Amino acid sequence: EASVVLAFRDASRSELLLGLKKRGFGQGKWTAYGGKLEKGESAHDCARREFLEETTVEAEALTLRGIVDYSFEDREDGIRTKSGPTPSFTMHVFECVGLSQEPVETEEMAPQWFPTDALPFDRMWLDGQDWVPRVVRPMDDRGAFRAKFHYCTETQLASSDVFYEGDAVDRES
């Protein structure tokens, strides 16, 4: 499991902080800040810890905005880790509105604020264009979204589905 944080500069939600991944999984892509849960750690605590490690800034109030399930085909041209195929995982998406100071570049990530109406989707994971806009909009009475993405290759999704919990019940009937 993993957790990520999308941080907005202020309550206007007009600027979103993304990090340019400098190494490891997703290198060269603009991403949310986050990483894997440690043993015994909650998704919320992971999000707070990873954001601090990658920005040197404490994320104050975090709100869960969504849960994303990822799966990957085992292909030579697929998304692979150093040890082989990428295993399936679940990612918890949190938002933070306002930071106490500006984030700094670390060994892993280079921060940049983007206008929310001009996000660099062409340099992000494919699934970002499906779920990031749901976080950019203020949360409504539907609550957190759910999503499922199955990747063939880094540039091809085999399937994608983004919905809200209430919608899931309607879809099953």
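Residues numbered from 1 in each chain as written. Predicted model: local features only at pLDDT ≥ 70, side-chain atom pairs only at ≥ 80, totals over all residues. Heavy atoms only, no water.

Concerning the overall build of the chain
For clarity, the threshold we go by: Secondary structure elements follow DSSP: runs of H or I no shorter than four residues count as helices, runs of E no shorter than two count as strands, and numbering proceeds from the N terminus. In this scheme, a residue with accessible area under 20% of its type's maximum is buried, one over 50% is exposed, and one in between is partly exposed, where area comes from a 1.4 Å probe on protein chains only. Contact definition: two residues touch when any of their heavy atoms are within 4.5 Å.
Along the chain, the regular secondary structure elements total 3 helices and 11 strands. In sequence order, the chain lays out its α and β elements as β-β-β-β-α-β-β-β-β-β-α-β-β-α. Across the 173 residues of the chain, 46% fall into the buried class. Here the contacts in the chain between residues at least 6 apart in sequence split such that 68% fall between residues at least 24 apart.

Focus on the pattern of salt bridges
Convention followed: We define a salt bridge as a contact between a side-chain nitrogen of Lys or Arg and a carboxyl oxygen of Asp or Glu at a distance within 4 Å.
One pass over the full model with this rule turns up 15 salt bridges. For glutamate 105, the salt bridge is made with lysine 22, and the minimal N-O distance between the two is 2.7 Å. Of this pair, glutamate 105 sits in the loop between β8 (89–97) and β9 (109–115) while lysine 22 sits in the loop between β2 (15–21) and β3 (30–31), and the two are 83 residues apart along the sequence. Residue glutamate 105 is classed as exposed on the basis of its relative accessible area, which comes to 52%. The class of lysine 22 is partly exposed, set by a relative accessible area of 32%. One salt bridge connects arginine 65 with glutamate 95, and the closest N-O pair in it is separated by 2.7 Å. One end of the pair, arginine 65, is in strand β5 (residues 62–72); the other, glutamate 95, is in strand β8, and 30 residues separate them in sequence. In this structure, arginine 65 and glutamate 95 share a single accessibility class: buried. Bridged by salt links that share partners, the residues Glu38, Glu41, Arg49, Glu50 and Glu53 form one connected network.

Points about the confidence of the model for the chain
Low-pLDDT stretches of the model should not have their predicted coordinates read in fine detail. As a reminder, the rule being used: Confidence scores here are pLDDT values: one per residue, from the predictor, ranging 0 to 100.
Confidence along the chain averages 89 in pLDDT terms, with 90% of residues attaining 70 or more. Low pLDDT (under 50) marks residues 169–173, which in the prediction has 2 contacts with non-local residues, meaning those over four places away or in another chain.

As for helix α2 (residues 128–136)
Helical geometry: 3.6 residues make up each α-helical turn, so side chains three or four residues apart lie on a common side. Within α2 the residues assigned to the buried category are Gly128, Trp131, Val132, Arg134, Val135 and Val136. Packed against the buried residues of α2 are β1 (2–8), β2, β5, β8, β10 (145–153) and β11 (156–164).

Focus: unusual backbone geometry
At arginine 13, a position not held by glycine, the phi torsion is positive, near 60°. When you line up the elements, arginine 13 lands in the loop between β1 and β2. A relative accessible area of 11% places arginine 13 in the buried class. For threonine 56, which is not glycine, the phi dihedral falls at a positive 65°. Following the sequence through the fold, threonine 56 ends up in the loop between α1 (43–55) and β5.

Some details on the layout of surface pockets
The condition is simple: Think of a 1 Å grid over just the protein atoms. A cavity is a set of points where a 1.4 Å probe fits yet cannot get out, a pocket is an open set with protein on both sides within 12 Å along at least five of seven lines, and lining residues have an atom within 4 Å of a point. Grid points are joined across faces, edges and corners, and a volume is the space filled by probe spheres set on the points.
Here the largest pocket defines a volume of roughly 1,000 Å³. In terms of lining, the largest pocket is formed by 37 residues, of which the most central are Lys21, Phe25, Gly26, Lys36 and Phe89.

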